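One letter stands for each residue in the lines below.
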Amino acid sequence: MNALYFLIDTVFGLYLMVVLLRFWLQLARADFYNPFSQFVIKATQPIIAPMRRVLPSMGSVDTASIVLAFLVVLIKFSILTAITPNGQFDPLVLGLFSLVSVLKEAGFLLFMVLILRALLSWFNQGHNPIVMVLDQLTEPFLRPIRRILPPMGGLDLSVMLVLIGMNFLNILLAQYIPFWTLV
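Predicted model, so just to flag it, every value in this text is computed and none were measured.

This part takes up the overall build of the protein chain. Scanning the protein chain for helices and strands turns up 6 helices and 0 strands. The secondary structure elements of the protein chain, listed N-terminal to C-terminal, are α-α-α-α-α-α. With respect to the principal axes defined by its C-alpha atoms, the protein chain has extents near 60 × 40 × 35 Å. Burial analysis of the protein chain (183 residues in total) assigns 31% to the buried set. Sequence-distant contacts, at least 24 apart, represent 62% of the contacts inside the protein chain between residues at least 6 apart. With an accessible surface of roughly 11300 Å², the protein chain has 72% of that area assigned to carbon and sulfur atoms. Positive and negative charge centroids in the protein chain, built from 11 and 8 side chains respectively, lie 6 Å apart.

Here it is in structure tokens:
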């Protein structure tokens, strides 16, 4: 049972990351001709294209990607509940867990992209397509901090401050939302 649980959680979790990246790429207006962006688009296009006919975008917000992310998590939790012995199927709880899970996964994705960007900045010697997309995705979060706190002695502390702020927000939400840590 643990192996099946792991497999379902991993497959749905990876696809959720790709869907969230699609949403983030469009929101950040990243280069869609980048090879990494093309992978994300091709992995999500078969499902998002039909959804866009029903769910149009609202400004720069791709509602089809948001709904797909929510549905991916909802289906994952529904399957895991169905295969769990004595699993209670409560649609309201599953919906709330799914919403919180999408938010937490988006935060985790931002955290990992920031860490990856910081690590690659130490080793990058040229124009790498993945580094360029990471820069485009994270710059909207780092730019406001750089306006207040410019680089000091060649060190850019903006990534560290964003990570500290994200950790603070996670701890704060865990205090006030009872099932924040369960997801």
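This part takes up the packing of helix 2 (residues 35-54) against helix 3 (residues 63-83). Contact geometry for helix 2 and helix 3: axes closest at 9 Å, N-to-C directions at 120 degrees. In terms of orientation, helix 2 and helix 3 fall into the oblique class. For the element pair helix 2 and helix 3, the recorded crossing hand is right-handed. Residues Ile 47, Ile 48, Met 51 and Arg 52 of helix 2 form the contact with helix 3, whose own contacting residues are Ala 64, Ser 65, Val 67, Leu 68 and Leu 71.

Attention now goes to the pattern of salt bridges. Tallying each qualifying case throughout the model produces 5 salt bridges. Here Asp 135 ties to Arg 117 by a salt bridge, and the two come within 3.0 Å at their closest N and O atoms. Of this pair, Asp 135 sits in helix 5 (residues 129-148) while Arg 117 sits in helix 4 (residues 91-123), placing them 18 residues apart in sequence. The exposure class of Asp 135 is partly exposed, given its relative accessible area of 29%. Between Glu 139 and Arg 146 there is a salt bridge, and its shortest N-O distance comes to 2.5 Å. One salt-bridge network, in which partners are shared between bridges, spans Arg 117, Asp 135, Glu 139 and Arg 146.

Moving on: the layout of surface pockets. Size it by volume and the largest pocket reaches roughly 1300 Å³. Around the largest pocket, the lining is made up of 49 residues, and of these Leu 103, Lys 104, Glu 105, Ala 106 and Gly 107 lie nearest the centre. Put simply, the parts of the chain that give the lining of the largest pocket at least two residues each are helix 1 (2-27), helix 3, helix 4, helix 5 and helix 6 (158-176). Per element, the largest residue contribution to the lining of the largest pocket is 15 residues, and it comes from helix 4. Along the lines of polarity and charge, the residues of the lining of the largest pocket split into 32 nonpolar, 12 polar and 5 charged. Of the voids in this model, the second largest pocket is the one considered here, and its volume is about 310 Å³. Lining of the second largest pocket is provided by 14 residues; of these, Arg 117, Ala 118, Ser 121, Asp 156 and Val 159 occupy positions nearest its centre. Secondary-structure elements contributing two or more residues to the lining of the second largest pocket are helix 4, helix 5 and helix 6. For the lining of the second largest pocket, the leading source of residues is helix 4, giving 5 residues.

Spanning 20 residues, helix 2 covers 28 Å between terminal C-alpha atoms, matching the ideal 28 Å at 1.5 Å per step. The sharpest bend along helix 2 reaches about 65 degrees and sits at Gln 45, with the proline Pro 46 one to four residues further on. Looking only at helix 2, the buried set comprises Ser 37, Val 40, Ile 41, Thr 44, Ile 48 and Met 51. Where helix 2 is buried, its residues touch helix 1, helix 3 and helix 5. Its side-chain oxygen 2.9 Å from the backbone nitrogen of Phe 36, Asn 34 forms the N-cap of helix 2.

All right, on to the nonpolar core then. Counting residues in each nonpolar core, the largest one holds 31 residues, and the members touching the most others are Trp 24 and Leu 114. The element that contributes the greatest number of residues to this core is helix 1, accounting for 7 residues. Those residues within four positions of Trp 24 in sequence are excluded, and the remaining contacts are Leu 109, Leu 110, Val 113, Leu 137 and Phe 141.

The rules behind each value
- Residues numbered from 1 in each chain as written.
- Predicted model: local features only at pLDDT ≥ 70, side-chain atom pairs only at ≥ 80, totals over all residues.
- Heavy atoms only, no water.
- Helix = DSSP H or I, 4+ residues; strand = E, 2+ residues; numbered from the N terminus.
- Buried < 20%, exposed > 50% of the residue type's maximum accessible area, 1.4 Å probe, protein only.
- Contact = heavy atoms within 4.5 Å.
- Areas by Shrake-Rupley, 256 points an atom, 1.4 Å probe, with all protein chains shown as cover.
- Lys, Arg positive; Asp, Glu negative; His and termini not counted.
- Charge placed at Lys NZ, Arg CZ, Asp CG, Glu CD.
- Axes fitted to C-alpha atoms, helices over the stretch in contact; angles between N-to-C directions.
- Parallel < 35°, antiparallel > 145°, perpendicular 65-115°, else oblique.
- Left-handed = near helix turned anticlockwise from the far one by under 90°.
- Salt bridge = Lys/Arg side-chain N within 4 Å of Asp/Glu carboxyl O.
- 1 Å grid on protein atoms, 1.4 Å probe; cavity = no way out; pocket = protein on both sides within 12 Å on 5 of 7 lines; lining within 4 Å.
- Points joined across faces, edges and corners; volume = space filled by probe spheres on them.
- Nonpolar A, V, L, I, M, F, W, Y, C, P; charged D, E, K, R; others polar.
- Expected span 1.5 Å × (residues − 1).
- Bend = angle between axes of the 7 residues up to and from the residue.
- Polar contact = N/O pair within 3.5 Å; in protein donor to acceptor, adjacent residues only side chain to side chain.
- Core = buried A, V, L, I, M, F, W, Y, C linked by side-chain atoms within 4.5 Å.

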